[in-house]
Amino acid sequence: MFRFSLKAALAVSLVAIAVAAAGGVVAATRSSDEEALQPVRQPAGGGIESRVNRLLSRMTVEEKLQQVTLLPDFRFTGDQAEEGEEEVRNGLGAVLSLTDPQRIRELQRIAVEESRLGIPLLFAFDTIHGFRTIFPIPLGTGASFDPQVASDDARYGARESAAVGLKQTYAPMVDVSHEPRWGRISEAAGEDPYLNSVLAAARVKGTQGTDYSDRDRLVASPKHLVAYGEPEAGRDYNTTDLSEQRLRNLYLPPFKAAIDAGADTAMCSFNAINGVPGCGNRYTMTQILKREWDFDGFIESDWTAVAEMRACPPVNPDDVPECGHGVAEDGPGAAALALSSGLDMEMTSTLIRDFGEQLLDEGRISMGRLNDAVRRILRVKFRAGLFENPYSRFQPEETEAEMLRPDAVEAARRAAGRSMVLLKNDGGVLPLDPSRKTAVIGPLADNQHDMLGPWWGRGADEDVVTVLDGIDEQSPGATHAAGCQLSNGEVPFDQEEVPKDRDPEGCTSIDTAEVNAALADAQQVVVAVGETREMSGEANARSTLDLPGRQEELIQAVKASGKPYAVVLFNGRPLALENIVADTPALLEAWFPGVQAGPAVADVVFGKVNPGGKLPVSFPYRVGQVPIYYNHEPTGRPCNKGVKWNSQHRDIPSCGPLFEFGHGLSYTTFEVSNLALSRSTVSRNGSLRASVDVTNTGSRQGDEVVQLYIHDPVASISQPVRRLRGFERVTLDPGQTRTITFTLNKSDFGFYDNRGRFVVEPGRIDVYAGNSSAAEMTESFTVTG
Ligand code: BGC
């Protein structure tokens, strides 16, 4: 989102000035060596490691420092264009956020033809849920509980990105989060590490295929290492204090799954855990990722995250635009900390490049570590096939035809339908009958912009089919009233300061006359309410989870008409629906569904698609319950309503959330039964099977997500009351039964302790199966010593 910032530009230029003043060398030295003038073009099959080493041995220190540098798009456009090209000639490592195919091709040509060693650039972009064909936000895809949906999203996103010349995506975002105030909870699969792990692996495979040198593939970069999803108070970038066991049991598993699936790059996070910023954290980057997990790709910093490790000056803090963490005194200190901790490539700020030689001279960084960073970057470039195929397989003028191709658009529609969660459907209001006259009410009904959600890639508002158009297509003659307008609260990129009088929500009054006119002839109503896309995503924390503005009143106005109605929600986080749930017979959670919002909503509302999504996050009654998540540890005084002296909110009627993790209804009904374990005891290295039957007990075909949870009731440290360890989404005809079998082994019933050790403790393990985290059917087995 934060593509361009005057602050960032200023930081970069200040650094450049400082370097120039200090006589720092940025440009690579040109050699007259004949061999060195030849671009490197070793034949494939020469062995990547030997190619890397041969190339590395020919690089000057300046070229190495330039290779670990990653600059954003605005450094290559406008009056910075020439300077940017010079950076490329000097052997720049990578470029982010540039997506103009012509400009990419030109810069790549400069890299391979005019830089001394001809090392190709790596072009990167945040293809988070689509490049041009925008899929549902990842939290929505999480609700699909369907790895195929995540994989399709990544695959089409990669295809479109690669067409313009990109070769790396800063995805998947795999930050488990229990913090719905945080705007970026929209970008991953919610509060559970297992669901996030399965979908992260699917996304990596969708992005990279079996070999990311394929011309339609990208290298994936899981982010943000690590625990960026738990900023205090939900304020983006804020600090996090967490135990070793939580780090390893909750936040690291999706990264491990992504790396195991083949992801060859990773991004470290802005925030600090236990006082150590992500991009200066030797423990997470070097010890865990590189040593324990044998990761041999590279780690890039998040945007100016290296510079942000500097202390701010006591007066005039604006003199150092990126500063704050205070774990380094100055630029050289931040660069030394980052590189020595295991960072390989610095995004946007250029401190490693600018101060690298000085730091080498002073012995504050080692040539061995710098070589290792460069080796990792070159390795990924070789694996990506960039030396053989530095350019897109399409000419710039051909790329537009590669966007929004019918198979991608169809997959986006399917993904959106499979991501929707039917929260409530009293009296079977849904599905509506398309032959009846439908009114579509609400500020998000005739809306293209917000349907794309945060991180819309290069998605264009005009590509979106609105909810109104989708409904009108299936129920012709639909009437419409917005009722009110939400604020997009957007701060233009070129505007540094947020205006103080900015209205963050909008919908301050309801136009009841307009609403009543649209309702007059209607026989049924779809109410489209929620958040704008600017309320979600990076730097968009909210302090309330209510429906913004007076949208609750809008629902009341529809209710007053006495017509059957369903509320469809568009949002990037769990909302606190306490005030509308009682008055609303049917509630459908649609998230931000992407380009095919309208058709997908219509498919579900009219029953062409039977909703089968499940919540990947708990929905609280109200914000004061936050953080509330199903996989919490127990207490000595578990919540028990009606009894004092226990762990509860006195003013909330329930111990749990309003809608629990894993919840989601269907237009048919299901029964999950016959949980059976293949054995009652298992050795610590053994495995067992848990099987369960699922039957469609209703009268139409539908999808159920069978979920398997475990609980370790006696352990050396308190274990979460439930942990998801298996799920499967199945489609069943009326009356049909299927038996689903899950295998459990120590990766399921073991856990990390607070010394970072993976332990498998003997004793009973309870297994629960059902169709949400509230599942009650249970069996137990015993792990023997
Ligand atoms: C975000 C990253 C993103 C990067 C590049 C940062 O502000 O935190 O998630 O990949 O920008 O766009």
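Attention in this report is confined to the structure presented alongside it.

What counts, and at which threshold
Residues numbered from 1 in each chain as written. Predicted model: local features only at pLDDT ≥ 70, side-chain atom pairs only at ≥ 80, totals over all residues. Heavy atoms only, no water. Helix = DSSP H or I, 4+ residues; strand = E, 2+ residues; numbered from the N terminus. Rg over C-alpha atoms; globule rule 2.2 N^0.38 Å. Buried < 20%, exposed > 50% of the residue type's maximum accessible area, 1.4 Å probe, protein only. Contact = heavy atoms within 4.5 Å. Pairing = 2+ DSSP bridges. Axes fitted to C-alpha atoms, helices over the stretch in contact; angles between N-to-C directions. Salt bridge = Lys/Arg side-chain N within 4 Å of Asp/Glu carboxyl O. Phe/Tyr/Trp six-rings, centres within 6.5 Å; stacked < 30°, edge-to-face > 60°. Lys NZ or Arg CZ within 6 Å of the ring centre and 35° of its normal. Near = heavy atom within 4 Å. Areas by Shrake-Rupley, 256 points an atom, 1.4 Å probe, with all protein chains shown as cover. Nonpolar A, V, L, I, M, F, W, Y, C, P; charged D, E, K, R; others polar. Expected span 1.5 Å × (residues − 1). Polar contact = N/O pair within 3.5 Å; in protein donor to acceptor, adjacent residues only side chain to side chain. Core = buried A, V, L, I, M, F, W, Y, C linked by side-chain atoms within 4.5 Å. Parallel < 35°, antiparallel > 145°, perpendicular 65-115°, else oblique. Left-handed = near helix turned anticlockwise from the far one by under 90°. Disulfide = S-S within 2.5 Å.

### Let's talk about the overall build of the protein
Tallying secondary structure elements over the protein gives 22 helices and 27 strands in all. Against the globule reference of 28 Å for 785 residues, the protein gives a C-alpha radius of gyration of 27 Å, in line with a compact fold. C-alpha atoms of the protein, sized along the principal axes, occupy 80 × 70 × 55 Å. In the protein, buried positions account for 62% of the 785 residues. Once local pairs closer than 6 in sequence are excluded, the contacts in the protein between residues at least 24 apart make up 77%.

### Things to note about the side chain of threonine 304
In this fold, threonine 304 is placed in the loop between β10 (298–300) and α13 (331–341). In this structure, threonine 304 is in contact with Glu322, Met347, Thr348 and Ser349, ignoring residues within four places of it in sequence.

### What about the sheet that holds strand β16 (residues 565–570)?
Strand order in the open sheet formed by six strands is β12-β17-β16-β15-β13-β14, with mixed pairing between adjacent strands. In this open sheet, the two edge strands, each paired with only one partner strand, are β12 (421–425) and β14 (479–481). This sheet shows a mean twist of 20° between the axes of neighbouring strands, independent of strand direction. The pairing of strand β15 (residues 524–530) with β16 spans six bridges and is parallel. For glycine 530, the partnering residue across the bridge sits in β16 and is phenylalanine 570.

### Examining the pattern of salt bridges
In the structure shown here, the tally under the stated rule is 54 salt bridges. A salt bridge links arginine 418 to aspartate 146; the nearest nitrogen and oxygen atoms lie 2.7 Å apart. In this pair, arginine 418 sits in helix α16 (residues 406–419) while aspartate 146 sits in the loop between α7 (138–143) and α8 (147–164), placing the two residues 272 residues apart along the sequence. Across this residue pair, the class does not change: arginine 418 and aspartate 146 are buried. Taking the shortest distance from any N to any O, the salt bridge between aspartate 703 and arginine 418 comes out at 3.2 Å. Of this pair, aspartate 703 sits in strand β21 (residues 702–711) while arginine 418 sits in helix α16, and the two are 285 residues apart along the sequence.

### Considering the packing of aromatic side chains
What describes a pair of aromatic rings is the distance from one ring centre to the other and the angle between the planes of the rings. Taken as a whole and assessed by the stated rule, the structure comprises 15 aromatic pairs. Each residue in the set Phe145, Tyr194, Tyr630, Phe661, Tyr709 and Phe727 is aromatic and connected to the rest through ring pairs, giving one cluster. The positively charged end of arginine 155 is found above the aromatic ring belonging to tyrosine 156, 4.5 Å away from the centroid. Across the ring face of tryptophan 455, the terminal group of lysine 223 is positioned such that the distance to the ring centre comes to 5.2 Å.

### Some remarks on the side chain of asparagine 281
Within the secondary structure layout, asparagine 281 lies in the loop between β9 (276–277) and α12 (282–292). Using a relative accessible area of 6% as the deciding quantity, one classes asparagine 281 as buried. Here asparagine 281 is in contact with Ile273, Val276, Thr286 and Ser341, once residues within four sequence places are set aside.

### Examining the site of the ligand
The immediate surroundings of the ligand are formed by 13 residues, with Asp126, Arg184, His224, Asp302 and Glu538 found nearest. Computed on the free molecule, the ligand has an accessible area of 310 Å², of which 99% lies beneath the protein chains in the complex. Residues of the shell around the ligand, tallied by class, amount to seven nonpolar, one polar and five charged.

### Quick word on helix α9 (residues 193–208)
For α9, spanning 16 residues, the distance from its first C-alpha to its last is 22 Å, which sits close to the expected 22 Å at 1.5 Å a residue. Extensive coverage of α9 is indicated by the burial of 14 of its 16 residues. The N-cap of α9, judged by a side-chain oxygen 2.9 Å from the amide nitrogen of tyrosine 194 a few residues on, is aspartate 192. Glycine 209 occupies a position one or two residues after α9 and carries a positive phi of about 60°.

### Thoughts on unusual backbone geometry
Excluding glycine, most residues fall at negative phi; most peptide bonds, likewise, are trans. Each neighbour pair has its own omega, and for leucine 225 with valine 226 the value is -5°, a cis peptide bond. With an omega of 0°, the peptide bond running from leucine 430 to proline 431 counts as cis. Inspection of the secondary structure puts proline 431 in the loop between β12 and β13 (438–441). Unlike most non-glycine residues, tryptophan 455 shows phi in positive territory, near 55°. You can see tryptophan 455 is positioned in the loop between β13 and α17 (467–474). Under the relative-accessibility criterion, tryptophan 455 is labelled buried at 4%. Phi is positive for asparagine 674, which is not a glycine, with a value near 55°. For asparagine 674, the location among the structural elements is in strand β18 (residues 670–677).

### Quick word on the nonpolar core
Counting 166 residues, the largest nonpolar core has Ile441, Phe570 and Leu577 as its most contacted members. If one sorts the elements of this core by residue count, helix α15 (residues 367–383) sits on top with seven residues. Excluding its chain neighbours within four sequence positions, the residues that come into contact with phenylalanine 570 are Leu444, Met451, Val467, Ala528, Val529, Gly530, Glu531, Ala590, Trp591, Phe592, Pro593 and Val601. Among the nonpolar cores identified, the runner-up in size contains 24 residues, and Leu675, Ala690, Leu732 and Ile765 belong to it.

### Regarding the packing of α8 against α16
The contact between α8 and α16 brings their axes to 10 Å, and the two run at 150°. Between α8 and α16, the angle is such that the two are roughly antiparallel. Along this stretch, α8 crosses α16, giving a crossing that reads as left-handed. Contacts between α8 and α16 pair Val149, Asp152, Tyr156, Arg159 and Glu160 from the former with Asp407, Ala408, Ala411, Arg414, Ala415 and Arg418 from the latter. Among the residues forming the contact of α8 with α16, the class breakdown is five nonpolar, no polar and six charged.

### Brief notes about the sheet that holds strand β5 (residues 219–220)
Within the open sheet, the six strands sit side by side as β5-β4-β3-β2-β1-β11. Their pairing is parallel. Two strands bound the open sheet, and with one partner strand each, they are β5 and β11 (346–347).

### A few points about the state of the cysteines
One pass over the full model with this rule turns up four disulfides. There is a disulfide in this structure between cysteine 268 and cysteine 279, and the S-S distance comes to 2.1 Å. Disulfide cysteine 268-cysteine 279: torsion about the S-S bond near 105°, hence right-handed. Of this pair, cysteine 268 sits in strand β7 (residues 265–268) while cysteine 279 is found in the loop between β9 and α12, placing the two residues eleven residues apart along the sequence. Assessed through its relative accessible area of 1%, cysteine 279 is described here as buried.

### Brief notes about the pairing of strand β1 (residues 69–72)
Every other side chain in a regular strand lies on the same face of the sheet, so the side chains alternate between the two faces. Burial along β1 is two-sided: the face carrying Thr69 and Leu71 and the face carrying Leu70 and Pro72 are both buried. Of the strand pairs in this sheet, β1 and β11 are connected by two bridges, and their pairing is parallel. Bridging from a neighbouring strand, leucine 70 pairs with methionine 347 of β11. Here β1 pairs with strand β2 (residues 94–96) via three bridges, running parallel.

### Points about α15
For α15, spanning 17 residues, the distance from its first C-alpha to its last is 24 Å, which sits close to the expected 24 Å at 1.5 Å a residue. Taken across its 17 residues, α15 has twelve buried, putting it largely inside the fold. Taken as a whole, α15 has its buried residues at Arg369, Leu370, Asn371, Ala373, Val374, Arg376, Ile377, Leu378, Arg379, Val380, Lys381 and Phe382. Following α15 by one or two positions, glycine 385 adopts a phi angle in the positive range, close to 75°.

### Observations regarding the environment of glycine 642
If you trace the backbone, glycine 642 turns up in the loop between α21 (597–605) and β18. Judged by its relative accessible area of 83%, glycine 642 falls in the exposed class. For the pair formed by glycine 642 and serine 673, sequence separation is 31 residues and the distance between their alpha carbons is 31 Å.

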